[in-house]
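# Structural characterization, general
Chain residues, written in single-letter form:
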Amino acid sequence: MKAKIIKTLYRILLLIPVVIGASSCSNEWLVPQPLSIFTPENAFVDSRGMYASLTACESIIRDEWFTTGNRTPINTECVFSEVSVDGSTDQTYSPFNMNLVVTPSGAQQMLYINLYWENAYKAVKYANLVITRIDEAKFKDEAERNAVLGSAYFHRAYQYYRLTHQFGDVPFIGKEISGPKLDFYSTKREVILRKLKKDMEFAAKWCSDNVDRGRVSKGACAHLLTKINLALGEFDDAIASASSVIDGGVYSLMKNSFGTAPAELGGYLRSKGIVRNDVISTLHWAPNKALAANKEVLFMVLSREDLIDSRLNITSMYRTMPFWSCGNQNMIYTPDGFGPGTYDKDKQEIDLLETFGRGMAMIRSTSYHTKMIWDDPNDLRHKKGNWINMEDLVYNHPYTKKSAYYGKPLQLRDANGKLLTSDTIRNWFGWPHYKMYVPDPRAVQPRGGAGDWYVFRLAETYLLRAEAYWWKGDNANAMADVNAVRTRAKCAPYTDAANCNIGTILDERARELFWEEMRKTELTRISYIFAQTGKPSYTGKTYSVANFGTSNFFIDRINEKNDFYNKGVVAVNGLEYKMSAYHVLWPIAQISINANSKGVINQNFGYDGYGNNIPPLTAIPPEEDN
Amino acid sequence: MKKNYLAGELLYHSLKKPLLIMRIAIILLLVGFQQTRANDAYSQKTKLSVSFSNTELAKVLDKIENQSEFYFLYNEKLIDATRKVSIEAKDQQIEEVLKDLFSGTNVEYSILDRKIILAPAIISQTQQSVKKVNGKVTDQTGASLPGVSVVVKGTTTGIITDANGNYSLSGIPANATLQFSFVGMKMQEFAVEGKTTINVKLEDETVGIDEVVAIGYGTLKKKDLTGSVSSVKSELIENEKPQNVQDILRGTIAGLEVGFANSAKGGGDLEIRGVNSLKTSSYPLIVLDGVIYPGAMEDINPNDIEKIDVLKDASSSAVFGARASNGVILITTKKGKAGKAVINFTSSIGMATMAKVAEVYGPDEFIKWRSDVMKANFMYNPSLKTKLYTFDDPNNLPDGVTKDMWLNGKTGDETQIWLSRLAMNPAEIENYKNRKYTDWGDLVFQNGLRQDHNLSLSGKKDDVTYYWSLGYNNNNGIVVGDQFKSIRSRINLDGKITDWLNVGFNSQFANRDESSIPATWQAIETNDPWKTNLNPDGSLFIGDDLPVGVRNPLYDKSFTTRRKIYNTFINNLYANVKLPLGITYQLTYAPRFEWYNYMNHQSALNEEWAKFGGQANRQQSSVYSWQVDNLIKWNKTINEIHQFDVTLLANAEKYQSWDNSMSAQGFSPTDALGFHNMSAGKSSSYRLSSDDNYSTGDALMARLFYSFRERYMATLSIRRDGYSAFGMGNPRGIFPSAAFGWVFTNEEIMKNNILTYGKLRLSWGENGNREVGRYAALSDMGTGKYPYQTLGGTAYEINKLYVNHMANYNLKWERTRSVNIGLDFGIKNNALSGSIEVYQMSTLDLLIDRALPNVIGFASVTSNLGEVQNSGLELTLNARIINKENFKWRSTLNFSLNRNKIKHLYGDMVDVLDASNNVIGQREGDDITNKWFIGHAIDQIWEPRILGVWQLGQEAEAAKYGNFPGDFRIKDVNNDGKINIDDNEFQGYRQPRFRWNIRQDFNIYKNFDFSFTMYSYWGNYDMFNQAANSRINGIGTYPDRNNSYKYPYWTPENPLNDYARNFSGGGGALYNVWREKSFIRLDNLTFTYTLPGKLLGKAKISNLKIITTVRNVGFWAPKWVFWDPEYSGPNPRYFTFGINLTI
């Protein structure tokens, strides 16, 4: 009996390991269960999953303006052009001397060259995921499928258009890559552009204009196609694609004010009797941009105060306005010696901070942008209140109440002509308040809150078509398109077609599209066209592809218009502004080249490693041609 | 006489063999219901039948016990139970059976009802035994030791000391040798050599080879070890009042590095034998009471720890297979001990004080420094550099500078003008004029009170062993507001249900309160002394240059309410069953629960947070994980020659966690309810998130230990692990090991009196590493919201989906293969003992984030590639330098070095070129992106080399690199006029090249103990970018708007070569400044006074100690000038006073 009980107990106990052993031997036990994450297999089943992936592309486009931190990628586009230079004069690592800083492995910590590259290829990856798997999903009909595919093509083309004009020849990836691959080769820029043109013709055909704001519209596709046509030197096609947008009946330039009237959180301007309610200020007032009534928007990115999960601050004031409130050794003194004269704490008697926001001059507009281009006193884009000059501000530091100048306009010099601030680079320049001001209600020191931003706008389509006409030699039509944009801003139209040239168009772009356009990308595109066509520029100079890296329109234009680079301008920190012809293309980061250990990604002329290049691919292999 | 003797033996027996007694009692219970209640004449009535030939005596006795109600009491040391006997009995009385069994031996037996006592005959029958010896046995402190076994060597003749420690043996050979042994003490032998009195002092077995060591799923005597295992007993350092497990381990074990944490919470990272993984953590596996412990170290009360064993080589840790490549730390908690219930109470009160301050400029030093900063800023500006004197003190102008020149056209108050030029704002200038300055250090640093109280109750009563403890810990840090509180409790309970079954559990509950919000002490650098602290109304002033960090260090803290509580409940429930043939089976179920609760409220009364109406967050997460271990063990010694120990394991585990969080802003009507009423927030501000995780694993393991004559020993093990992170392609990995030991001093020819113990060990094994992330093999799609607006004007958000992570379904285990050679030695009976270990570890199939060309859209993919090798040497020495009754000095030294090398990476071959670019061969390519190079250490620095500082007169050369005098001069290796990646050079190492620690223990006049420990890291480098006096790589402050730590800086008048000018620039170069961080630290001083037993005995107190200890006494770091070399930031020195009371 005793033995029997014990025996039974033994048996039961012996069974336990057997049972556990058996269960632990099955591989089923070890199948991973991702509980809170999506995988491609469970996500890409219909158009919603596909569009969700393209949303990631749209989010990356938004990052060009909305990247958090002191700077943002669009600033980098601006400092490689006539309109801006870097303004951070209080550091000795700032990107002033591009010859030193812009290297494949160097200290580009304040430039976003590498981020452009990384983000572009991420977006290409997201788009390729949709392109490769397009037929795995179920669609309502052919039109829905092709609209999804067209949107994916748009995003891939958008990024490759940028890459080919920021970096030149780059690797082209046309499909989803599902495993490690280390043998990429650069593809010739023209070959990529040719592929983009084909894709965008498809997209412009299938995408719709009846899409939510933030999505890819047919107009946006045709607009991008216009840029690609221009880049390929196919000007008639460019005119056609631009005209399809301009004359398509869906879009038109806004000629009158609409939506809500702009109102800053501070009352300083209103206290001066300035009310902004013209077409330009309403067009750029963030809450109006996405309205259906806005017929000018082709493609935009959104950010809203009340959509907090997707909310990002644009920080536009912080990044582009002068450091008007400077309280350090560069402070702005009153003529009678009180300093600092300005104050950036909130809730001051004179609420400059709430009205304009806090600027840090991460980029500093050149006099080209602040003065030279303004040729019409009626230009709404430079009208007092829309455009703010330093003299429009007043001494507001409570400390200056002891001064006779409290509440009086700021002065750059005293009566003896002596400068009242030691850093005019950082502290003293005008800015387009109508565009840069985005209310920032959550910040004590407003920098630019959540607000929508334009990516493609019909005004640019006009200027692209103007270019196409001009390249063709049709100056009259070119001038007409420039005038369409000018007159909307209440300028008088240009009348001398003979004097209408690429400079005219670039000036108009600077007036109309500051911080919207990809200025460096476009300058490089234009430089390429000069080199490809041999057409003389307004100076009479011609360019060729053969010596693109040493002589190009890009550097000539910057030397001509940007009053900082290569002029011996030295900031307070002792750094000199310098730029070279080879900066027409940016360096490809050494890490990107090094990690590609079994292939060759070509480096651009002028940078270390250029000597290791091999001829780029001149065709896209069929398996990549999706 | 005989009766006394029996009583003595019974006492001894009950101490020594309690299990046997219990087993007997239980058998009696079991058989009781089968038989009628026996009467007094049981021994005469009962008839036995037994039949054995050439069988161990013990087995025969067992059989008799099983057959009847008889039970035997005997001392194994005195009765040779392994003697082989043959007996044939049928229906015989016990008396006759015993006669058969013991005739011709010196064993006497007495039958007391059912109880049969076996004992050696005291009076020997042999005529040549003539001697009588007596004496007294005491312990180290001179206290008498009862119950010590005294045996004539080579015989079973012996006796046990009485209550006063006295013994008397008569009739023994004149040339006999006596052996004295007692549990927990070292056995000693003495030759009689004609002496009639032999007094013996036994020593504690603390560092001896008979020590029992945990080896994972079992224990082994240290002398049987084949692998590399180091141990530390908590009693050795309990006087130092360790606050956490790391404190016990710091500086006690060769090859184990324990990091340093400066917070009130304490702790620190652990690393055994260097970094052997590139991606995964190098944190060792923690095993608590035999079960893998995934919890937090701070939940283990150091006072509950009995001992810690560290498995360092692959063979010893191989039983933990896939989890063990970083080594294993086995923690054993205290158990009740036989005897009366013991209450132990320890209490300590301490103070945390600042040990090393990196000083910032004081009020007037600041002005001078700031004026130099301004000069430096304009030094190279063509138009301003001629007027640098405008930054000088107007009352102390340089020669040749007139007041007018200084005024530079300005009029007004000179102080005002001057300080404005120094970028001081009006409020600061006002403060300066009123000499109103703030010592920010005073506001953020404090002396923190620490207290730690622990109470435990333990004992063993009949079949139940128990240990219960409760501890309360409340530490304030040296930073204002830094506090850590915990309540920890543990119950270890073991009950013997029958002779073949015991069950028990070890449970640990901890409540950790980490709600504290430390002040932002960094304000000492960002806020200069003239900055304002308080508003006129006495409230805190927020700060006047927030973007560059000039913020009141207490401001945000004072508007934040936080509750951050961890509750953990960790259990091992086990049942242990004795099966036939000496096999035991143990089932352990170890459920772990963890609850985390975080609530945070940022009040709208804060000037900044008012903008969004305050914010409240709540986060709750819980973890439930379990493990089941099935262990089968078999232990057998055959003829005292062959010893076998077999362990088999089947294990399964599952981890699940659930996490949810919410937040809201814009509370209405107010946020007075803080985080208690989330729905008062604006609904459009609500945010929700959840994150749940799941993983499973299993394991099978077998281990065989075999020892031959305690001379040769071998351990073989194999483990197969499964883990769901690798579940797509390679769910399982197999990890074998083998180890051999040779106690060469047990060889007859090697026996000598100097090297009394010597063992060589050789081991080989493989371990895995699975800490790659639960879903690393999968391609997860990230989500995030993105906004759109319909043409109808409705804005909405949808999820974006993007591929975060490249899938690698073939991901598999990282494996570390290691060879370890060890020599253990004891000289002069372990007066000097120690070990030397040499090892080489190769980690293969490294889990690596392989850099990809980023055109793929992924910077990297998790892969198994490459090989990293660690090799090293460890030396441990223990010495009893002086061992007198009134003065003892024990010394321990550990030394270790580890060398790390990358052997392979991705296997991509690249061409090797000669000077004229001809291909002369191929070699494996490096990973320049991650700065990993074949043949170099992971921690080797590969960066541009700083040669010094450009000096005046070198302007032209400096300008080539975009530099000015005062900037760091960087070596242009290839002289191409550019500093880029081609100029990188291999420099020093970030990890110490050598580490050592020593420990000295002194015992003076028995009752006074004094110990100190020191340790050192030598030869490591760390970044010291502050030497650039500029914001390089984002490190440092804005000198024109902040204060600074006091570092030297270059000026034309003070042309240093190791510090750059203020605002130094790098041209286009990216570099870091590296400085050597070698140091020696006096880590601990401890004084203990143990009250004499005489005093305590009256109060029924068995032990009372008074302890004073100082931790982090000081350090010497010859080349490091910043904060502490181990931790950059304020680091505490602890003074602790405590008592330890045992009743």
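These numbers come from a predicted model, not from an experiment.

## Some remarks on the confidence of the model for chain B
Residues and elements named next belong to chain B. The pLDDT averaged across chain B works out to 84; a share of 93% of its residues lies at or above 70. Per-residue pLDDT, averaged within each element of chain B, yields its smallest value for helix α2 (residues 18–32) (37) and its largest for strand β28 (residues 583–602) (95). Counted against residues more than four places away or in other chains, residues 123–129, with its pLDDT under 50, gives 5 contacts. Scoring the predicted complex yields pTM 0.81 and, for the interface, ipTM 0.93.

## A short note on the confidence of the model for chain A
Overall, the prediction assigns chain A a mean pLDDT of 92, with 95% of residues at 70 or greater. Here residues 17–24 of chain A scores under 50 on pLDDT; set against residues more than four positions off or in separate chains, the count is 11 contacts.

## Some points on the nonpolar core
Within the largest apolar cluster, 158 residues are counted, with the highest numbers of intra-cluster contacts made by Phe 80, Phe 154, Tyr 160, Phe 456 and Trp 515 of chain A. When residues in this core are grouped by element, the largest group, 12 residues, is from helix α6 (residues 113–132) of chain A. Among all residues touching Phe 154 of chain A, those that are not within four sequence positions of it are Met 200, Val 216, Ala 220, Cys 221, Leu 224, Phe 299 and Phe 456 of chain A. If you look at the next biggest cluster of nonpolar residues, it comprises 72 residues, including Tyr 361, Ile 478, Tyr 1015 and Ala 1027 of chain B.

## Observations regarding helix α8 (residues 189–206) of chain A
Residue pairs spaced three or four apart in an α-helix point in one direction, given the helix's 3.6 residues per turn. Residues and elements named next belong to chain A. With 18 residues, α8 extends 26 Å from end C-alpha to end C-alpha; this agrees with the ideal 26 Å at 1.5 Å per step. Those residues of α8 that fall on the buried side of the exposure criterion are Arg 189, Val 191, Ile 192, Leu 193, Lys 195, Leu 196, Lys 197, Asp 199, Met 200, Ala 203 and Ala 204. Against α7 (142–166), α9 (218–231), α10 (235–246) and α22 (519–533) lie the buried residues of α8.

## Section: the pairing of strand β44 (residues 940–944) of chain B
Looking down a regular strand, the side chains alternate between one sheet face and the other. All names here are of chain B. Within β44, 5 of the 5 residues are buried, which leaves it mostly tucked inside the rest of the structure. Here β44 pairs with strand β47 (residues 984–989) via 4 bridges, running antiparallel. Paired with Trp 942 across the bridge in β47 is Phe 986.

## Observations regarding the interface of chain B and chain A
Counting from both sides, the interface comprises 125 residues of chain B and, opposite them, 120 residues of chain A. Together, the buried faces of chain B and chain A total about 10,300 Å²; carbon and sulfur atoms form 60% of this surface. Considering only the surface of chain B that becomes buried against chain A, Tyr 786, Leu 791 and Val 855 of chain B emerge as the three largest contributors, covering 7% of it. Taken together, the links from chain B to chain A amount to 4 salt bridges. The shortest N-O distance in the salt bridge between Arg 1041 of chain B and Asp 90 of chain A comes to 3.8 Å. Sorting elements by how many residues they give to the side of chain B that touches chain A places strand β37 (residues 795–803) of chain B first, with 9 residues. By residue class, the composition of the side of chain B that touches chain A is 62 nonpolar, 37 polar and 26 charged.

Definitions and cut-offs
- Residues numbered from 1 in each chain as written.
- Chains lettered and ligands numbered in written order.
- Predicted model: local features only at pLDDT ≥ 70, side-chain atom pairs only at ≥ 80, totals over all residues.
- Heavy atoms only, no water.
- pLDDT = per-residue confidence, 0-100.
- Helix = DSSP H or I, 4+ residues; strand = E, 2+ residues; numbered from the N terminus.
- Contact = heavy atoms within 4.5 Å.
- Core = buried A, V, L, I, M, F, W, Y, C linked by side-chain atoms within 4.5 Å.
- Buried < 20%, exposed > 50% of the residue type's maximum accessible area, 1.4 Å probe, protein only.
- Expected span 1.5 Å × (residues − 1).
- Pairing = 2+ DSSP bridges.
- Buried area = accessible area lost by both parts, 1.4 Å probe.
- Salt bridge = Lys/Arg side-chain N within 4 Å of Asp/Glu carboxyl O.
- Nonpolar A, V, L, I, M, F, W, Y, C, P; charged D, E, K, R; others polar.

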